[in-house]
Amino acid sequence: MSTQHHVQGLNNDEVPADWPAIRAQEITWLGRSYPQLAGAGRIRWHSPRPMSAAAIVEGNDGPLFIKRHHHLVRTAATLEEEHRFIAHLAAAGVPVVRVLENAAGTTAIEHDGWTYELHALAQGQDLYRDAPSWEPLVNQAQAIAAGRMLAELHLAAESYKAAQRSTHILVARDDLIRAADPIALLEGQFSERPALADYLARRPWRQDLQQTVLPWHVGLPERLQAEPVLWAHNDWHVSNLLWHGHGDAAQVASVFDFGLASPTCALFDLATAIERNAIAWLQLERGAQAVHTDTALALLAGYRQVRPLTPAQVHLLADLLPLVHLDFALSEVEYFHGITGSTANADVAYHPFLLGHAQWFGSVHGQALLAALHAAA
């Protein structure tokens, strides 16, 4: 599946893309269903994001954003689950990117093994366009602004009710964290997740989880019962935000990329934001310099300005951090092993991501970050 198109790799490097870049012929075909593309379509930019193909193209009335997924990753139905959530947020005043309807009145379309979506170009500047999802945010004023906007999103999401996502692939969920017995729940999913079952069958995964991940799980299901289920973004990194202004004056202008969205809870989403923005996961050899505690505290402070949290909730937030990646790491294993066929990437998702992230929080630097969050309660 590789092409000459290159994208961001798992080690913050440049690697051949798993999925071919969007071509002019595809835009011509899409123009039959999307009037906004009819007779237009010069490609201005290809996204370096690795798990789908995306491009900015010239539409009839200005630039548009096209995203294409392999059908095993997203069908039109699973994509529209995200789009309905985005529409709800837009109606509530959250500055999300507008998803465009095609001539049939739907927001996703399937063709020749691919699933497409079309977005209006978002308002604001993409200050972090080329930043990987694990690149820390170092501007504290922007961290406060990002925390405030996340809280605004959660306030809007409180009135949104929809079922769980119909897929595990590249979706962040908290099913295993909420489960009294995560291993039993995971085993029960194997019949519908054969690729994940096949990968784990070759490894001592039960022992790995029990020794490395699940010690952090003790007591969490009971404490999470008090946290209402809430549809959340679940990938709150600054590269998924557009901005007005620069430096300390920058404010969030638009929110995009709801691919990982699902019903989790507000604290799960905030913990994910801290994990994504405050830790240089690809530079842990730097020790204390890889941890941006001030960023974590700024995200929390901004959030609490809009949506107050009790001390007990802040303690729970800190205790969620070592586990917040659990479901998504397994979904990445499933994606790489079952869809792209990359055992090497599946191994990265399993070892340094699934096991390594949980293990790091037991280190001196991980403990210091958790202690700072507990102190902020």
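Our subject is the structure that appears above.
Residues numbered from 1 in each chain as written. Predicted model: local features only at pLDDT ≥ 70, side-chain atom pairs only at ≥ 80, totals over all residues. Heavy atoms only, no water.

Student: Even after reading the chapter, I still don't get unusual backbone geometry, so can you show me in this structure?
Tutor: Negative phi is the rule for most residues except glycine; trans is the rule for most peptide bonds. Even without a glycine there, the phi angle at Asn234 is positive, about 70°. Note that Asn234 resides in the loop between β8 (230-232) and β9 (241-244). A positive phi angle is found at Asp257, which is not glycine, with a value near 60°. Tracing the sequence through the fold places Asp257 in the loop between β10 (251-255) and β11 (262-264). (Helix = DSSP H or I, 4+ residues; strand = E, 2+ residues; numbered from the N terminus.)

Student: Where do I start with the pairing of strand β4 (residues 53-59) in this structure?
Tutor: Consecutive side chains along a regular strand alternate between the two faces of the sheet. Among the seven residues that make up β4, six are buried, leaving the element largely enclosed by the rest of the structure. Note: strand β3 (residues 43-46) against β4, three bridges, orientation antiparallel. Residue pairing in the sheet places His46 in a bridge with Ala55 of β4. What sits between β3 and β4 in their antiparallel hairpin is a turn of six residues. Across seven bridges, the pairing between β4 and strand β5 (residues 62-70) is antiparallel. (Buried < 20%, exposed > 50% of the residue type's maximum accessible area, 1.4 Å probe, protein only. Pairing = 2+ DSSP bridges.)

Student: What exactly am I supposed to notice about the side chain of Thr115 here?
Tutor: Relative to the assigned elements, Thr115 resides in strand β7 (residues 114-120). Judged by its relative accessible area of 0%, Thr115 falls in the buried class.

Student: Can you walk me through the sheet that holds β3 in this structure?
Tutor: Backbone hydrogen bonds are what pair the strands of a sheet, in a parallel or an antiparallel way. Taken in spatial order, the five strands make up an open sheet running β3-β4-β5-β7-β6, and their pairing is antiparallel. Lying at the two open borders of the sheet, with one neighbouring strand each, are β3 and β6 (109-111). Ignoring strand direction, the axes of neighbouring strands in this sheet form an average angle of 30°. Contacts from helix α2 (residues 76-91) reach β5, β6 and β7 within the one sheet, and its direction differs from that of β7 by about 25°. (Axes fitted to C-alpha atoms, helices over the stretch in contact; angles between N-to-C directions. Contact = heavy atoms within 4.5 Å.)

Student: I tried to follow the pairing of β9 on my own but got confused; where do I start?
Tutor: The pairing of β9 with β10 spans four bridges and is antiparallel. Note on β10: the bridge partner recorded for Leu241 is Val255. What sits between the antiparallel neighbours β9 and β10 is a turn of six residues, in which Gly245 has the positive phi angle 85°.

Student: Can you walk me through the pattern of salt bridges in this structure?
Tutor: Any two side chains of opposite charge can pair, given that their charged atoms come close. Under the counting rule described, the total for this entry stands at 19 salt bridges. The partner of Asp198 in a salt bridge is Arg202, with the nearest N and O atoms 2.7 Å apart. By sharing partners, the salt bridges in this structure join Arg74, Glu81, Glu82 and Arg165 into a single network. (Salt bridge = Lys/Arg side-chain N within 4 Å of Asp/Glu carboxyl O.)

Student: What exactly am I supposed to notice about the packing of helix α10 (residues 293-306) against helix α14 (residues 364-376) here?
Tutor: Helix-helix packing is characterised by the crossing angle of the two axes and by the distance between the axes. For the pair α10 and α14, interaxial distance at closest approach is 10 Å and the crossing angle is 30°. Taken as axis vectors, α10 and α14 run roughly parallel relative to one another. In this structure, α10 meets α14 at a crossing whose hand is right-handed. Only Leu369, Ala372, Leu373 and Ala376 of α14 make contact with α10, whose side of the interface consists of Thr293, Ala296, Leu297, Leu300 and Arg304. The class makeup of the residues in the contact of α10 with α14 is seven nonpolar, one polar and one charged. (Parallel < 35°, antiparallel > 145°, perpendicular 65-115°, else oblique. Left-handed = near helix turned anticlockwise from the far one by under 90°. Nonpolar A, V, L, I, M, F, W, Y, C, P; charged D, E, K, R; others polar.)

Student: Quick question: what am I supposed to make of the environment of Leu214 here?
Tutor: Within the secondary structure, Leu214 is located in the loop between α7 (205-213) and α8 (220-224). A residue is classified by how much of its surface remains accessible, and Leu214, at 15% relative accessible area, is buried. Sequence separation between Leu214 and Ala358 is 144 residues, and the spatial gap between their C-alpha atoms is 8.9 Å.

Student: Please explain the packing of aromatic side chains as it appears in this structure.
Tutor: In this description, an aromatic ring pair is defined by two values, namely the gap between the centres and the angle between the planes. The full count for this structure, using the stated rule, is 14 aromatic pairs. Taking 5.6 Å as the distance between ring centres and 70° as the angle between the ring planes, the aromatic pair formed by Phe190 and Trp205 counts as edge-to-face. With Phe190 in the loop between α5 (182-189) and α6 (194-201) and Trp205 in helix α7, the pair connects residues that are 15 residues apart, well separated along the chain. One exposure class covers both Phe190 and Trp205, and it is buried. Between Tyr335 and Phe336, the ring centres sit 5.0 Å apart and the planes meet at 65°, which makes this aromatic pair edge-to-face. A single burial state applies to Tyr335 and to Phe336, both of which are buried. An aromatic cluster is defined as three or more aromatic residues linked by ring pairs; in this entry it consists of Phe85, Tyr160, Trp231 and Phe258. Lying across the ring of Tyr199, Arg203 places its NZ or CZ 3.6 Å from the centre. (Phe/Tyr/Trp six-rings, centres within 6.5 Å; stacked < 30°, edge-to-face > 60°. Lys NZ or Arg CZ within 6 Å of the ring centre and 35° of its normal.)

Student: Can you help me understand α14 in this one?
Tutor: For an α-helix the count is 3.6 residues per turn, leaving residues at separations of three or four pointing the same way. In a regular helix each residue adds 1.5 Å, so 13 residues correspond to 18 Å; α14 covers 19 Å between its end C-alpha atoms and thus fits that length. Of the positions making up α14, those classed as buried are Gly366, Leu369, Leu370 and Leu373. Axial view of α14: buried residues confined to an arc of 95°, hence all on one face. Across α14 from its buried face, at more than 90 degrees, point the exposed residues Val364 and Ala375. Where α14 is buried, its residues meet α9 (266-277), α10, α11 (311-320) and α13 (343-360). (Expected span 1.5 Å × (residues − 1). Arc of directions from axis to C-beta.)

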